[in-house]
Amino acid sequence: MSEPSADHRDHPLVAAARRLAADTLAPAAERADREGVDPATIAAVKASGVLGATGPVAYGGAAAPAPVVREIVEILAGACCATFFVQAQHHTPVALLAAAPEGAPLREQLLRPLCDGTLLAGIAFSHLRAFPKLPVRVTREHSGWRFDGRVPWYTGWGLNDVLLLGGATADGEVVFAVAEAREQPGLRATEPLELAALSGTRTVGLELDGLVLPDGAVALRQPYEDWATADRPKNTNVNPAVLGVTRAALDLLDASGDEAAARTAHVLRERLADVRKDAYALLDEVPAQERIPDRLAAKTRAYDVLRAATTAAVVAGGGRAMDLASPAQRLAREGMFLLVQGQTADVRDAHLAALRS
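Residues numbered from 1 in each chain as written. Predicted model: local features only at pLDDT ≥ 70, side-chain atom pairs only at ≥ 80, totals over all residues. Heavy atoms only, no water.

Participant: What exactly am I supposed to notice about the overall build of the protein here?
Facilitator: Tallying secondary structure elements over the protein gives 13 helices and eight strands in all. Relative to the 2.2 N^0.38 estimate, which gives 21 Å for 357 residues, the radius of gyration of the protein is 20 Å and therefore close to what a compact globule would have. Reported as C-alpha extents along the three principal axes, the dimensions of the protein are approximately 70 × 45 × 40 Å. Residue burial in the protein is summarised as follows: out of 357 residues, 51% are buried. Here the analysis covers contacts within the protein between residues at least 6 apart in sequence; of these, 73% occur between residues at least 24 apart. For the protein, the exposed surface amounts to about 15800 Å²; the carbon and sulfur share of it is 54%. (Helix = DSSP H or I, 4+ residues; strand = E, 2+ residues; numbered from the N terminus. Rg over C-alpha atoms; globule rule 2.2 N^0.38 Å. Buried < 20%, exposed > 50% of the residue type's maximum accessible area, 1.4 Å probe, protein only. Contact = heavy atoms within 4.5 Å. Areas by Shrake-Rupley, 256 points an atom, 1.4 Å probe, with all protein chains shown as cover.)

Laid out in structure tokens, this is it:
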């Protein structure tokens, strides 16, 4: 992997992420892609400290600044995107509980084990973006909340310890609650989904048929529009994982020993540096609700460089790149996955417009 930016080179979590990537993730990436992320790899992720990167120090987290967190994302995604994506789900529950009032029972119960790596969390709420459709309907039941419906996409089944489940009521309130990530009355997992990329993430659907969670398991309740207003801008930003997979493809070109491949890597690395600079400036310097067109433009530029870099890695590898043991084809498929991961209508429309032009 390429060196992270000099400003954050010495941060302990960046160093920990680089060790995790070099010693555990990258050597097993092709196997994880074909056979599934190994529980032993998840144990190494838990022990590394990266799960607490954004968590409060008082609860065992590192409260790392955003540039450090982005470096960690780039490093892990470039080493093994499947493992990265499993652990990526974890950081949303950490952020949600960290924002809860001090002394809130769920915060006191879960935030420390989530930050120190005792527990790994998954998430099941992207279906909320389909509202007013209700793929997962929530109704009040005695001293708890009943969840019915189907979660189409849940990553990390069999690897996660707990999951953050979201649903909506008929009158437009979203309810997020935490449950154990296991089959139980009212919760059943489908067979693993057959995916063209990141099939090793142990992604399933969740069938909900009267899953009742108590009030004490509820992490958040708020009107849908309030939640959506905060959620909508997030996916307009460049995902650092896109830059990490791009960087890994360029490193593969450099390592090929081919002069033409190295020249190509040099040109594309300059484009990568430009888009990283612009994308991260928008994140660091501009309020989240502002300059959405600029964010979308940076995102489509990042996709362009990703596509070029992963394609170049396949071209430079020739026929050998079609072997499932080749990282070039894996990176190309991971890049394809990242083109649509977290996609919203605004992102899709902007990306298609950029391709037309």
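Now, onward.
Participant: Is there a simple way to think about the environment of Ala260 in this case?
Facilitator: Residue placement: Ala260 occurs in helix H10 (residues 259–285). Note on Ala260: relative accessible area 37%, which makes it partly exposed. Residues Ala260 and Ala316, spaced 56 residues apart in sequence, show a C-alpha to C-alpha distance of 8.6 Å.

Participant: Explanation requested: helix H1 (residues 12–25) in the structure shown.
Facilitator: Structural remark: α-helix, 3.6 residues per turn; residues separated by three or four positions point the same way. An ideal rise of 1.5 Å per residue puts 20 Å on 14 residues; H1 measures up with 18 Å between its terminal C-alpha atoms. Contact partners of the buried residues in H1: helix H2 (29–35), helix H3 (39–48), helix H4 (66–79) and helix H5 (81–88). (Expected span 1.5 Å × (residues − 1).)

Participant: Got a minute to help me understand helix H9 (residues 240–255) in this structure?
Facilitator: In this model, H9 (16 residues) spans 23 Å end to end at C-alpha, consistent with the 22 Å of a helix rising 1.5 Å per residue. The element H9 is extensively covered by neighbouring structure, given that 13 of its 16 residues are classed as buried. If you check the start of H9, you find a side-chain oxygen 2.9 Å away from the backbone N of Ala241, and it comes from Asn239. Gly257 lies just past H9 and shows a positive phi near 80°. (Polar contact = N/O pair within 3.5 Å; in protein donor to acceptor, adjacent residues only side chain to side chain.)

Participant: Please clarify how the pairing of strand E1 (residues 121–124) should be interpreted in this entry.
Facilitator: Each regular strand shows side chains that alternate between the opposite faces of the sheet. Burial along E1 is two-sided: Ala121 and Ile123 and Gly122 and Ala124, pointing in opposite directions, are all buried. Sheet analysis places E1 next to strand E4 (residues 162–168), joined by four bridges and oriented parallel. Residue pairing in the sheet places Ala121 in a bridge with Val162 of E4. (Pairing = 2+ DSSP bridges.)

Participant: Could you clarify how one ought to interpret unusual backbone geometry in this entry?
Facilitator: Glycine aside, residues mostly have negative phi, and peptide bonds are mostly found in the trans state. Each neighbour pair has its own omega, and for Phe131 with Pro132 the value is 20°, a cis peptide bond. Of note, Pro132 is situated in the loop between E1 and strand E2 (136–141). Positive phi, normally seen in glycine, also occurs at Leu198, with a value near 55°. Here Leu198 shows up in the loop between strand E6 (187–189) and strand E7 (204–214).

Participant: Could you clarify how one ought to interpret the packing of H4 against H9 in this entry?
Facilitator: The geometry of a pair of packed helices is captured by two quantities: the angle between their axes and the separation between those axes. Contact geometry for H4 and H9: axes closest at 7 Å, N-to-C directions at 50°. Comparing their axes, H9 and H4 come out oblique. Of the two possible hands of crossing, H4 and H9 adopt the one that is right-handed. For the pair H4 and H9, contact is made by Arg70, Glu71, Val73, Glu74, Ile75, Ala77 and Gly78 and by Pro240, Ala241, Leu243, Gly244, Val245, Arg247 and Ala248, respectively. Here the contact of H4 with H9 is composed, by residue class, of eight nonpolar, two polar and four charged. (Axes fitted to C-alpha atoms, helices over the stretch in contact; angles between N-to-C directions. Parallel < 35°, antiparallel > 145°, perpendicular 65-115°, else oblique. Left-handed = near helix turned anticlockwise from the far one by under 90°. Nonpolar A, V, L, I, M, F, W, Y, C, P; charged D, E, K, R; others polar.)

Participant: What is the right way to look at the packing of H1 against H3 in this model?
Facilitator: Put simply, H1 and H3 touch, their axes get as near as 10 Å, and they point 165° apart. With respect to H3, the axis of H1 lies roughly antiparallel. Here the hand of the crossing between H1 and H3 comes out right-handed. Listed contacts from H3 to Leu13, Ala16, Leu20, Thr24 and Leu25 of H1 are Thr41, Ala44, Val45 and Ser48. The residue makeup of the contact of H1 with H3, split by class, is six nonpolar, three polar and no charged.

Any functional reading would require information that these geometric values do not contain.
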